[in-house]
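The chain contents come next:
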Amino acid sequence: MVCPHCQGAEKIFSSRTARRELRRYQRRGPIKTTRLLVGAVTAEGFAARTVLDIGGGVGVVQHELATRGATRLTDVDASQAYLDVAKKEAHRRGYGERARYLYGDFVDVASQVESADLVTLDRVVCCYPDASALLHRAAERAKGRLGLVWPRDRWWTRLAARGMNSILVVTRNPFRMRIHPDNLVHGELERAGLIRQHHQRAGFWQVAVYERPSQ
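Each chain has its residues counted from 1, following the order in which its sequence is written. Note on the predicted model: pLDDT of at least 70 is required for a residue's local features to be given, and 80 or more for side-chain atom pairs to be given and counted; whole-chain, interface and lining totals, by contrast, use all residues. By convention in this description, side-chain values take in all heavy atoms of the structure and omit both hydrogens and water.

**Some words on a nonpolar patch on the surface**
Here's step 1: Patch members must show over 30% relative accessible area and no salt bridge, and they are joined within 9 Å when carrying like charges or within 5 Å when they are nonpolar side chains of Val, Leu, Ile, Met, Phe, Trp or Tyr. Using a 1.4 Å probe, accessible areas were evaluated by the Shrake-Rupley method; residue-level cover was limited to the displayed protein chains. The rule for a salt bridge is simple: a side-chain nitrogen of Lys or Arg has to be within 4 Å of a carboxyl oxygen of Asp or Glu. Residues Trp 155, Trp 156 and Leu 159 make up a contiguous nonpolar surface patch of roughly 360 Å² in combined accessible area.
Here's step 2: Relative accessible area serves as the criterion here: at 45%, Leu 159 is assigned to the partly exposed category. We call a residue buried when its accessible area falls under 20% of the maximum for its residue type, exposed when it is over 50%, and partly exposed in between, using a 1.4 Å probe and counting protein chains only.

Laid out in structure tokens, this is it:
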């Protein structure tokens, strides 16, 4: 992977960070926004037998959905450290044989990934420079629902992102946090044929679920 942004992401989402996040999850469960996301995508009895988790981190969404009946889970991440931790935890929980792990930039490797009942992007859109391409590829793989968590588009979230990015400039890390416009996110998913069914604000973040109408 030669993308400078992805190389910068690997520095941030390191083995040390992955181990720390897993320990926190094991002690306290999912953080609030992930808990809201999992609850929203499984609302109204929706059963996601197949799941594609883009930028899955230590696999929290996968671990939670595996306990809710998912039979096949795919995790695509640009951090090998996170993939390793997610895979190890999946085997510890007894569903490792039902999971697939793919390292890379999702936009580049999307053609290698099968469609799924549910596609999730938990705090991923803000980590990617080309949100349109990411959301377009993700929507293509969503057979039923797509759920995501991303920052609210407000002056104070943009200010916070600029502060974080200033630190990254000083440390010479090419990774950047992005606050993508809400109309870009909604418009891209709507053009892909998905309809928003749920939206919730959660401080800095927002949670939304989009659904593909039944044919």
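**Describing the confidence of the model for the protein chain**
Here's step 1: Residue-level confidence of the predictor, termed pLDDT, takes values from 0 up to 100. Summing up the model confidence of the protein chain, the mean pLDDT is 91 and the portion of residues at 70 or higher is 93%.
Here's step 2: Predicted confidence in the protein chain is weakest over helix α1 (residues 4-12), with a mean pLDDT of 61, and strongest over strand β7 (residues 205-211), with 98. Helix and strand definitions here come from DSSP, where helices need a minimum of 4 consecutive H or I residues and strands a minimum of 2 consecutive E residues; each element is numbered from the N-terminal end.

**Quick look at the packing of helix α2 (residues 15-28) against helix α5 (residues 80-92)**
Each packed pair of helices is defined by two parameters, the angle between the axes and the distance between the axes.
Here's step 1: For every element, the axis is a line fit to its C-alpha atoms; helices are fit only across the contacting stretch, and the angle between N-to-C directions ranges from 0 to 180 degrees. The geometry of α2 relative to α5 is characterised by a closest axis approach of 8 Å and an angle of 35° between their N-to-C directions. Considering the relative orientation of α2 and α5, their crossing is right-handed. For the pair α2 and α5, the contacting residues are Ser 15, Thr 17, Ala 18, Glu 21, Leu 22 and Gln 26 in the first and Ala 81, Tyr 82, Val 85, Glu 89 and Arg 92 in the second.
Here's step 2: Just so you know the grouping, Ala, Val, Leu, Ile, Met, Phe, Trp, Tyr, Cys and Pro go in nonpolar, Asp, Glu, Lys and Arg go in charged, and all remaining residues, Gly too, go in polar. Of the residues assigned to the contact of α2 with α5, the class counts are five nonpolar, three polar and three charged. Handedness of a crossing is defined here by the sense of rotation of the near helix relative to the far one, left-handed for an anticlockwise turn of less than a right angle and right-handed for a clockwise turn. Residue contacts are defined here by distance: any two heavy atoms, one from each residue, within 4.5 Å place the two residues in contact.

**Some words on the sheet that holds β7**
Here's step 1: The seven strands lie next to each other as β3-β2-β1-β4-β5-β7-β6, forming an open sheet whose pairing is mixed. Across the chains shown, the open sheet's two edge strands, defined by having one partner strand only, are β3 (99-103) and β6 (195-202). Across the sheet, the mean angle separating the axes of adjacent strands is 15° when strand polarity is ignored.
Here's step 2: Pairing between strands requires that DSSP locate at least two bridges from one strand to the other. Here seven bridges tie strand β5 (residues 142-151) to β7, and the two strands are oriented antiparallel to one another. Opposite Trp 150, over in β7, you have Gln 206 as the bridge partner.

**Some words on the packing of helix α7 (residues 131-140) against helix α9 (residues 182-191)**
Here's step 1: The contact between α7 and α9 brings their axes to 9 Å, and the two run at 35°. Once α7 is placed against α9, the crossing between them reads as right-handed. Contact residues: Ala 131, Ser 132, Leu 135, His 136 and Ala 139 in α7; Leu 184, Val 185, Glu 188 and Leu 189 in α9.
Here's step 2: Here the residues of the contact of α7 with α9 sort into six nonpolar, two polar and one charged.

**Quick word on the pattern of salt bridges**
Here's step 1: One pass over the structure, following the stated rule, counts 10 salt bridges.
Here's step 2: Its salt-bridge partner being Glu 89, residue Arg 92 comes within 2.7 Å of it at the nearest N-O pair. With Arg 92 and Glu 89 both in helix α5, this residue pair falls three residues apart, about one helical turn.
Here's step 3: For Glu 89, a relative accessible area of 3% puts it in the buried group.

**Notes on the environment of Glu 89**
Here's step 1: Placed 31 residues apart in sequence, Glu 89 and Val 58 show a C-alpha to C-alpha distance of 8.2 Å.
Here's step 2: Apart from the residues lying within four places of it in its own chain, the contact partners of Glu 89 are Leu 22, Gln 26 and His 63.
Here's step 3: For Glu 89, the side chain forms a polar contact with the side chain of Arg 93, separated by 2.8 Å. In protein, a polar contact means a hydrogen-donor-capable atom and an acceptor-capable atom, both N or O and within 3.5 Å, with residues adjacent in sequence counting only if both atoms are side-chain atoms; elsewhere, any N or O pair within 3.5 Å suffices.

**With respect to the pairing of β7**
Here's step 1: The element β7 is largely enclosed, with a buried count of six among its seven residues.
Here's step 2: Summarising the sheet, β6 and β7 pair through seven bridges and their orientation is antiparallel. Each residue of the ladder has a partner; that of His 199, found in β7, is Ala 208.
Here's step 3: The turn linking β6 back onto β7 is made up of two residues, and Gly 203 within it adopts a positive phi angle of 65°.

**Examining the pairing of strand β1 (residues 50-54)**
Here's step 1: For β1, the buried fraction is high: five of the five residues fall into the buried class.
Here's step 2: Burial along β1 is two-sided: Thr 50, Leu 52 and Ile 54 facing one way and Val 51 and Asp 53 facing the other are all buried.
Here's step 3: As paired strands, β1 and strand β2 (residues 72-77) are joined by five bridges and run parallel to one another. Bridge pairing links Leu 52 to Thr 74 in β2.
Here's step 4: Note on handedness: a clockwise path from strand one over the helix to strand two, with the strands aimed away from the viewer, defines a right-handed crossover. For the handedness criterion, the β-α-β arrangement of β1, helix α4 (residues 60-66) and β2 is classed as right-handed.
Here's step 5: Two elements, β1 and strand β4 (residues 116-122), share three bridges in a ladder whose sense is parallel. Across the sheet, Val 51 pairs through a bridge with Leu 118, a residue of β4.

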